[in-house]
Amino acid sequence: MLFNKALILGIGLIGSSLARNLKEKELVDTLVVYDKNKENLAKAENLGFADIYTDSIKEGASDADLIIFATPVCAFGDLAKEVAQYVKKGAVISDVGSVKQYSLQEIEKYLNKDMGVIVVGGHPVAGTEKSGPENGFTSLFKGRWCILTPDDNSTPEAIKKLTKMWESCDMKVDTMETAHHDKVMAAVSHLPQLIAYSIVGTVADLEGYEHKEIIKYSAGGFRDFTRIAGSDPTMWRDIFLTNKQTVLELIQRFIEDLVALERNIRWDEGDKMFDLFKRTQKIRKDVIEAKQDQPEHEKRIMEELKKQQA
Ligand code: NAP
């Protein structure tokens, strides 16, 4: 057992997948899950992956020695303020938020070393485009990276325990400084996601095209963007609003590169395009070699979802 009593705030895809791991791998004795969404709480209770299901922060936070924030990031501040009324001294506070500077700033306004608690930011870089407790599963994290972002409110013992916790979820663990985390994630996750939302919106609104034809022939590339653009709107709205400056800088750079490609096409600069596409082909190879391509993981996700629907 790593912790006696743990509380997870927000029992959606990530919170419920973590909950399944904490209980199945016997990492906590008593697991409490909290959510403001009563329907999700009832679904979680039916699935039975925790000990206590509650809409009372008081019940969950009192005596908890681990508290994990797993709601969309814009909810962290208000939740932290409430948790601060009941948290016990020495408790370890962490989160799974996709943006680290904002998440920790909000949490640490109310929960910090002056309050006698320990904070270590975390981000399991794993997920699907689905939401809710019914879509979580134990092997979601398998083989993926979890990034911890310790700061002045962290202690080596807490970092060690959280490393152990995520490793027990079959993740590889790295540590990063918060601003660096947000810069890296803006490039590999936030910008690609934004481009997917934009392309799907553009193609869907094109005049002179029949909607049913766009859907019928979507396998021509559009389909892959729709998978990404089918993700949870609340979660992604919060990410763009809270990693604003970094994402805005990357959008500017992207627009310049897109205009350069537009010029290549307009002025028949085939060589320039070819050179770029050769470079991107090499990047795809590097991703596959780093075992970061999806097929195996996607297959597992599909199998899990089928199992749950059966
Ligand atoms: P999710 O499936 O939508 O679950 C979030 C849950 O939190 C929902 O039940 C939601 O209820 C509830 N909630 C929202 N606001 C709340 C509040 N103020 N108080 C209590 N509960 C609240 O979301 P998720 O995909 O698990 O994402 C959760 C966190 O993980 C986010 O911070 C996200 O950045 C991070 N993350 C996500 C992924 C991913 O791929 N999904 C990957 C890594 C990290 P409602 O449905 O009523 O809003």
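Note: the structure precedes this text.
Below is a summary of the structure that appears in this document. Everything quoted here is computed from the prediction, not taken from an experiment.

Some words on the site of the ligand
Residues in contact with the ligand amount to 27 residues; listed here are only the nearest, Ile14, Asp35, Asn40, Thr71 and Ser98. In this structure, an oxygen atom belonging to the ligand sits 2.9 Å away from a main-chain N or O atom of Leu13. A distance of 2.8 Å is found between an oxygen atom of the ligand and a side-chain nitrogen or oxygen belonging to Asn37. Every element with two or more residues in the shell around the ligand is listed here: α1 (13-24) and β6 (118-124). Considering only residue class, the shell around the ligand consists of 12 nonpolar, 12 polar and three charged.

Remarks on the pattern of salt bridges
A full pass over the atoms with the stated rule returns 14 salt bridges. The shortest N-O distance in the salt bridge between Arg237 and Asp238 comes to 3.0 Å. Owing to a relative accessible area of 2%, Asp238 belongs among the buried residues under this scheme. Here Arg253 ties to Asp257 by a salt bridge, and the two come within 3.2 Å at their closest N and O atoms.

A short note on the packing of helix α5 (residues 100-110) against helix α7 (residues 178-205)
Contact geometry of α5 with α7 gives a least axis separation of 8 Å together with a crossing angle of 140 degrees. In terms of their interaxial angle, α5 and α7 are classed as oblique. Note on element contacts: α7 touches α5 through Thr178, Ala179, His181 and Asp182, opposite Lys100, Gln101 and Leu104. Counted by class, the contact of α5 with α7 contains two nonpolar, three polar and two charged residues.

Thoughts on the pairing of strand β8 (residues 172-175)
Pairing of strand β7 (residues 145-150) with β8 involves four bridges; the strand directions are parallel. Residue pairing in the sheet places Leu148 in a bridge with Thr175 of β8. Following the chain from β7 across helix α6 (residues 156-168) to the adjacent parallel β8, one finds a crossover that is right-handed.

Thresholds applied
Residues numbered from 1 in each chain as written. Predicted model: local features only at pLDDT ≥ 70, side-chain atom pairs only at ≥ 80, totals over all residues. Heavy atoms only, no water. Near = heavy atom within 4 Å. Polar contact = N/O pair within 3.5 Å; in protein donor to acceptor, adjacent residues only side chain to side chain. Helix = DSSP H or I, 4+ residues; strand = E, 2+ residues; numbered from the N terminus. Nonpolar A, V, L, I, M, F, W, Y, C, P; charged D, E, K, R; others polar. Salt bridge = Lys/Arg side-chain N within 4 Å of Asp/Glu carboxyl O. Buried < 20%, exposed > 50% of the residue type's maximum accessible area, 1.4 Å probe, protein only. Axes fitted to C-alpha atoms, helices over the stretch in contact; angles between N-to-C directions. Parallel < 35°, antiparallel > 145°, perpendicular 65-115°, else oblique. Contact = heavy atoms within 4.5 Å. Pairing = 2+ DSSP bridges. Right-handed = clockwise from strand over helix to strand, strands pointing away.

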